[in-house]
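Below are the chains, spelled out letter by letter.
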Amino acid sequence: MNFNRQIQTLDEFTIQQLRDFPEATGELSHLLRNIGLAAKRVNVEVNKAGLVDILGDAGTINVQGEEVKKLDVFANDQFTRVLHHGIACAGIASEELDDFVAFDDAKSINSKYVCLFDPLDGSANIDVNVSIGTIFSVYRRVTPVGTVVTREDFLQPGNQQVAAGYVVYGSSTMMVYATRRGVNGFTLDPSIGEWTLSHPDITCPDKGRIYSVNHGNFFKYDEGVRNYITACQQKDKTNGGPYTQRYIGSMVSDVHRNLIKGGIFMYPGTTGKPNGKLRLLYECNPFAFIVTKAGGRATNGTIPTLDVIPTELHQRSPFFVGSSRMMDELETYL
Ligand code: AHM
Ligand code: MG
């Protein structure tokens, strides 16, 4: 097989970016590489989910009170282990775990970063072969290097993220990550097992035609949200509607599509659950960071998601994210 040297691998890309910062230590590149490694292993299992007896409920309930699928457990273990064995991560927090995990070995306490992740988001979709994903978020620790990380390292507002990204296990497997310098997407080339730069410098169109929301909850939303959804469905000379409704129920796929094509994704609060379903630290903040870096916006309905000061690891938040002009439009209704 001829090897296409036009491609740039994830490692080549992150190392090349480092050259612009002679003082950089390379720890972030290392962390991203490890996330890519864990994701490759998860990808293999996700791809054979229909074949092996890893499918189905693990029989346990996660800290959110939801049933856990076996693949969630597998993915959680992979990310935790790979990050623990690497040299760049001092601790993790996961949607699947009750509390954060501080790595207390000598190598880890000298690492700069903590990583928060949802190892397998949209896992209700596994059984039916619909795309699922991993979401991650990286912060520089606030406690001194050389000590064991504490809760305050994890409870930072989203605007302090150093990097955030997601992996979508879809028709092809893709990893997209953002840093302060921009957003880039890498597709896994299964023939060589490498993440290859396929979507350089992703920008979110400032307007799109897609709105994504769970319509089943329509009558549980606030009036403002209901009015906005209704406006999305109406023909309107100013907004160019009606828009198209697309909702997979896998946030990674829904937001990925809207990021590339332009659109808005909403998981509002409902009468029974005023803070909605999504977790601020594992789901909202990473996507808020990525979409904002790509030129879009994200809010909890009151303030930018990235400015929310978290008080609990597993707190939930209403979430609205997408193309900037569609967000402007939404905010006139909220
Ligand atoms: P999960 O973390 O338990 O997988 O739940 C999160 C998922 C998101 O991917 C998706 O946007 C949402 O749940 C869908 O929820 P709903 O079925 O209530 O619309
Ligand atoms: Mg999730």
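Thresholds applied
- All residue numbers here refer to positions counted from 1 along the written sequence of the relevant chain.
- Key to labels: chains lettered from A, ligands numbered from 1, both in the order written.
- Confidence filtering applies because this is a predicted model: local features only for residues at pLDDT of at least 70, side-chain atom pairs given and counted only at 80 or more, and all residues used for totals across whole chains, interfaces and linings.
- Values reported for side chains reflect all heavy atoms of the structure, with hydrogen atoms and water molecules removed beforehand.
- The nearness test applies per residue and asks whether one of its heavy atoms lies within 4 Å of the molecule or strand.
- Polar contact criterion, stated in full: a pair of N or O atoms within 3.5 Å, where within protein one must be able to donate a hydrogen and the other to accept it, and residues adjacent in sequence count only if both atoms are side-chain atoms.
- The method behind every accessible area is Shrake-Rupley, applied with a 1.4 Å probe, and residues are considered shielded solely by the protein chains displayed.
- Secondary structure is summarised from DSSP: a helix means a run of H or I of at least four residues, a strand means a run of E of at least two, and numbering begins at the N terminus for each.
- Under the scheme applied here, ten amino acids are nonpolar (Ala, Val, Leu, Ile, Met, Phe, Trp, Tyr, Cys and Pro), four are charged (Asp, Glu, Lys and Arg), and all others, including Gly, are polar.
- Annotation comment: domain bounds sourced from an automatic or database domain assignment.
- Salt bridges are identified by distance alone: a Lys or Arg side-chain nitrogen within 4 Å of an Asp or Glu carboxyl oxygen.
- Burial status follows relative accessibility: with a 1.4 Å probe on protein chains alone, a residue under 20% of its type maximum counts as buried, one over 50% as exposed, and anything between as partly exposed.
- Contact between two residues is taken to exist if any of their heavy atoms lie within 4.5 Å; hydrogens are not considered.

A few words on the site of ligand 1. Around ligand 1, 16 residues are found, and the nearest of them are D121, G122, Y247, M251 and Y267. One of the backbone nitrogen or oxygen atoms of G122 is found 2.7 Å away from an oxygen atom of ligand 1. At 3.5 Å from an oxygen atom of ligand 1 is found a main-chain nitrogen or oxygen belonging to S123. Starting from 470 Å² of accessible surface for ligand 1 in isolation, the protein chains cover 84%. Counting only elements with at least two residues in the shell around ligand 1, the list comes to β5 (113-121) and β13 (263-267). Broken down by class, the residue content of the shell around ligand 1 amounts to four nonpolar, five polar and seven charged. Shared between two domains, the shell around ligand 1 takes at least three residues from each, and those domains are domain 1 (10-199) and domain 2 (210-333).

On to the pattern of salt bridges. Applying the stated criterion to the full structure yields 10 salt bridges. The salt bridge involving E283 is made with R279; its shortest N-O contact spans 3.4 Å. In terms of burial, E283 and R279 fall into one category: buried. For E331, the salt bridge identified is with R297, shortest N-O distance 2.9 Å. Here R297 lies in strand β14 (residues 297-299) and E331 lies in helix α9 (residues 324-333), a separation of 34 residues in the sequence.

Now for the environment of F79. Of note, F79 is situated in helix α3 (residues 70-85). Between the C-alpha atom of F79 and that of E223, which follows or precedes it by 144 residues, the distance is 40 Å. Filtering out sequence-adjacent residues up to four positions away, F79 remains in contact with I35, A38, A39, V42, F117, P119, T134 and Y169.

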